[in-house]
Amino acid sequence: MATRREARFKECRRFGVNVYGHPKALKRVKKEQRQKKMSEYGTQLLEKQKLRAYYNLLERQFVRYYDKAKKQEGITGENMLKLLECRLDNLVYRIGFASSIRQARQMVNHGHILVNGKRVDIPSAHVKTGSTITLKEASRTNEMYKKSFQELKTFDLPYIEKNFDGFEGTLTRMPERSELPLEINETLIVELYSK
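Values in this document were obtained by computation on a predicted structure and should not be read as measured data.

Draft legend 1. Main features of the nonpolar core. Core analysis: the biggest nonpolar cluster contains 50 residues, and Leu-51, Met-80, Val-92, Phe-97, Ile-113 and Ile-133 have the highest contact counts within it. Shared between two domains, this core takes at least three residues from each, and those domains are domain 1 (8-19 + 39-84 + 184-194) and domain 2 (86-176). Excluding residues that lie within four positions of it along the chain, Met-80 makes contacts with Leu-51, Phe-62, Tyr-65, Tyr-66, Ala-69 and Ile-189.

Draft legend 2. Main features of helix H6 (residues 101-109). Of the positions making up H6, those classed as buried are Ile-101, Gln-103, Ala-104, Arg-105, Met-107 and Val-108. Of the residues flanking the end of H6, it is Gly-111, one or two places downstream, whose phi is positive at about 80°.

Draft legend 3. Structural detail: the pairing of strand S4 (residues 160-163). Sheet analysis places S4 next to strand S5 (residues 168-171), joined by 4 bridges and oriented antiparallel. Along S5, the bridge assignment pairs Lys-162 with Gly-169.

Draft legend 4. Just the pairing of S5, in detail. The sheet contact formed by strand S3 (residues 132-135) and S5 spans 3 bridges and is antiparallel. Across the sheet, residue Ile-133 finds its bridge partner in S5, namely Gly-169. The loop that links S4 with its antiparallel partner S5 comprises 4 residues; one of these, Phe-167, has a positive phi angle of about 50°.

Draft legend 5. Layout of the sheet that holds S3. Taken together, the 5 strands give an open sheet; going across it, the order is S2-S1-S3-S5-S4, and neighbouring strands pair in antiparallel fashion. The outermost strands of the open sheet, each flanked by one partner alone, are strand S2 (118-119) and S4. Sitting on the sheet, helix H5 (residues 88-95) is in contact with strand S1 (113-115), S3, S4 and S5, with an inclination near 60° to S4.

Draft legend 6. Inspection of the packing of aromatic side chains at higher detail. Evaluation of the coordinates by the stated rule reveals 5 aromatic pairs. Connected via pairs of aromatic rings, a cluster forms that spans Phe-97, Phe-149, Phe-164 and Phe-167.

Draft legend 7. Here's a closer look at the pattern of salt bridges. Using the criterion set out here, one finds 11 salt bridges in the structure. Among the salt bridges present, the one from Arg-94 reaches Glu-85, with a minimum N-O distance of 2.6 Å. For the pair Arg-94 and Glu-85, one class covers both residues: buried. The salt bridge partner of Glu-143 is Lys-146, with a shortest N-O separation of 3.8 Å. Of this pair, Glu-143 and Lys-146 both sit in helix H7 (residues 143-152), 3 residues apart, which is roughly one turn of the helix. It is possible to trace a salt-bridge network through shared partners that takes in Lys-48, Arg-52 and Glu-59.

Rules behind the numbers
Residues numbered from 1 in each chain as written. Predicted model: local features only at pLDDT ≥ 70, side-chain atom pairs only at ≥ 80, totals over all residues. Heavy atoms only, no water. Core = buried A, V, L, I, M, F, W, Y, C linked by side-chain atoms within 4.5 Å. Buried < 20%, exposed > 50% of the residue type's maximum accessible area, 1.4 Å probe, protein only. Domains from an automatic or database assignment. Contact = heavy atoms within 4.5 Å. Helix = DSSP H or I, 4+ residues; strand = E, 2+ residues; numbered from the N terminus. Pairing = 2+ DSSP bridges. Axes fitted to C-alpha atoms, helices over the stretch in contact; angles between N-to-C directions. Phe/Tyr/Trp six-rings, centres within 6.5 Å; stacked < 30°, edge-to-face > 60°. Salt bridge = Lys/Arg side-chain N within 4 Å of Asp/Glu carboxyl O.

Now the structure itself:
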């Protein structure tokens, strides 16, 4: 299975945004660093790479999401963000079971996550509205998962309902663009792909 293996902190410094959620990612950012003037294509490419890094995707996966979003009704950029936000690994991260998207992906791969009571081990699985994502009974004793879910409480999003006693979260509805915790200009990405 192919994975992204770039230098993560270096990538965060290049984007100017902490896309990986690590507390030390932007520690070495220089305040007065001069930026090279970027072309229109360069800014579009940077936005695309930033979004790919947010969701830990490879190029072919990303293009598939763009094609799927283009076929749906509505604004293509917003449709793409909604599709990406409803990936299982992303929702595991947003609910708070994992401290990063990479850890969430690993949890799903290793079978720690149940969707509507059934074990799902595909990180890119699309989660429908009303679905309940639960931490497996045997995994609830793991200190790292317990601490991450009950103590950190990383995201408090209106489209996710959490049950701290049952170690579960429910996707109540599709997210709105304004509710997504992303610093992204998705119109630049659509412009890049529509050339």
